[in-house]
Amino acid sequence: MAGGGDGGVEAFVLGDAELAAFDGLGHGGQCGVGYGQTGPWAARPGYDAIAQAQSGMMSITGEPGGPPMRPGVATADIGAGMWAAIGILAALHARRSTARGQHVDISPLDGQLAWLTYVAGGYFTTDTVPGPHGSAHPTIVPYQALSTADGHLMVAAGNDKLWRTFAELLGERTLSDDPRFATNPERVRHRQELIPLLEAALARRASTEWAEALDAAGVPCAPISTVEQALTSPQAVAREMVSVLRHPTAGELRTVGSPPKLSASPVQIRTAPPLLGQHTDDVLAETGYSVREIEELRATGAVR
């Protein structure tokens, strides 16, 4: 890894010629972070919240008319890691035909710009600067969290057929026949009129009741889960998305599972996060250091 906010790493950056010389398995890659290796901001330190702010993501997150909002997790940092993994795999694939290593230059800001996806596409098409829509979709209605008798229900009526089914189950068939709401473009145009009518109908029952009825009819929906509800849901349990491990000092430790489910080589989470220096000897021994050399490194404070 090269770059970041602490400095000092640049001394270890390999040049193109040095990288190209690595052609053995497991060698020949180098990954940059921060703002990337080029551009006027390349020397700046990279931080998740700053990347979110500069990418436009915060300007489209939150309620209309409200302040800019940051998502509840570090999307820029996590996204950069995912883009890095994709880039590394692409470089390894290229090395199979070229036998040459190369730089993999990753920027959290670049990753957030790429994640603008259809929002950027809409701007390119119309030159209209997009703003926040809360939980709603800018071009599909109803496609948002709607209030019910006891909370909120996310509804994704992504086409006119689903809309008609949704309206009928609400007992509001007249809404689907209303010219203002008959087609999606009209519903988008009359969003501010339609949503209060839907929420008035949904206020008659609880979120789970509506969810059961709509799910049975094939209308995509879900109550808004808390983190606890999400992690303990039957689906999360069935997908093994929570792992329980033994930690040397913390005892039983729960951690989030791995999303990729590989049929022939399933992911195994075998050990808890290590203590500081717990695997130093193992890692150095695997790279060829002798016991005496490891002891000398530890005596000088180079490793723990």
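Figured I'd write up the structure that's included with this text.

If you walk through the whole model with that rule in mind, you get three aromatic pairs. Measuring from ring centre to ring centre gives 6.0 Å for Tyr123 and Phe124, while their planes differ by 55°; the resulting arrangement is tilted. Residue Tyr123 is classed as partly exposed on the basis of its relative accessible area of 36%. The ring of Trp210 carries the charged tip of Arg205 above its face, separated from the ring centre by 4.6 Å.

Attention now moves to the sheet that holds strand β3 (residues 143-147). In spatial order, the strands read β3-β4-β5; together these three strands make up an open sheet with antiparallel pairing. Every other strand in the sheet has two partners, leaving β3 and β5 (221-223) as the edge strands with one partner each. Across the sheet, the axes of successive neighbouring strands diverge by a mean angle of 20°, strand direction being ignored. As paired elements, β3 and strand β4 (residues 152-156) share five bridges and run antiparallel to each other. Each residue of the ladder has a partner; that of Ala145, found in β4, is Met154.

With 21 residues, the main nonpolar core has Leu146, Trp163, Phe166, Leu170, Leu194 and Leu198 as its most contacted residues. When contributions to this core are tallied by element, the ones reaching two or more residues are β4, α6 (160-169), α9 (191-202) and α10 (207-216). A total of five residues in this core trace back to one element, the largest contributor, which is α9.

Okay, the environment of Thr165 next. The topology assignment puts Thr165 in helix α6. With relative accessibility at 26%, the residue Thr165 sits in the partly exposed group. Along the primary structure Thr165 and Val219 are separated by 54 residues, whereas in three dimensions their C-alpha atoms are 7.3 Å apart. For Thr165, the residues in contact, after removing those within four places along its chain, are Ala217 and Val219.

Take the pattern of salt bridges next. The final tally for this structure, using the stated rule, is 10 salt bridges. The partner of Glu168 in a salt bridge is Arg173, with the nearest N and O atoms 3.7 Å apart. One salt bridge connects Glu186 with Arg189, and the closest N-O pair in it is separated by 2.4 Å. Remark: Arg189 and Glu186 occur in helix α8 (residues 184-189); sequence separation between them is three residues, near one turn of the helix. By relative accessible area, which is 56% here, Arg189 ends up exposed. Connected through salt bridges with shared partners, the residues Asp178, Arg180 and Glu193 form a single ionic network.

So, about α6. Those residues of α6 not exposed but buried are Leu162, Trp163, Phe166 and Ala167. The buried residues of α6 occupy an angular sector of 135° when the element is viewed end-on, so they sit on one face. Of the surrounding elements, those touching the buried residues of α6 are β3, β4, α7 (173-177), α8, α9 and α10. For α6, the N-terminal capping position is held by Asn159, with its side-chain oxygen 3.1 Å away from the main-chain nitrogen of Lys161. Looking one or two residues beyond α6, the residue adopting positive phi is Gly171, at roughly 80°.

Criteria and thresholds
Residues numbered from 1 in each chain as written. Predicted model: local features only at pLDDT ≥ 70, side-chain atom pairs only at ≥ 80, totals over all residues. Heavy atoms only, no water. Phe/Tyr/Trp six-rings, centres within 6.5 Å; stacked < 30°, edge-to-face > 60°. Buried < 20%, exposed > 50% of the residue type's maximum accessible area, 1.4 Å probe, protein only. Lys NZ or Arg CZ within 6 Å of the ring centre and 35° of its normal. Pairing = 2+ DSSP bridges. Helix = DSSP H or I, 4+ residues; strand = E, 2+ residues; numbered from the N terminus. Axes fitted to C-alpha atoms, helices over the stretch in contact; angles between N-to-C directions. Core = buried A, V, L, I, M, F, W, Y, C linked by side-chain atoms within 4.5 Å. Contact = heavy atoms within 4.5 Å. Salt bridge = Lys/Arg side-chain N within 4 Å of Asp/Glu carboxyl O. Arc of directions from axis to C-beta. Polar contact = N/O pair within 3.5 Å; in protein donor to acceptor, adjacent residues only side chain to side chain.

From the geometry alone we can't say anything about function, so treat these as descriptive.
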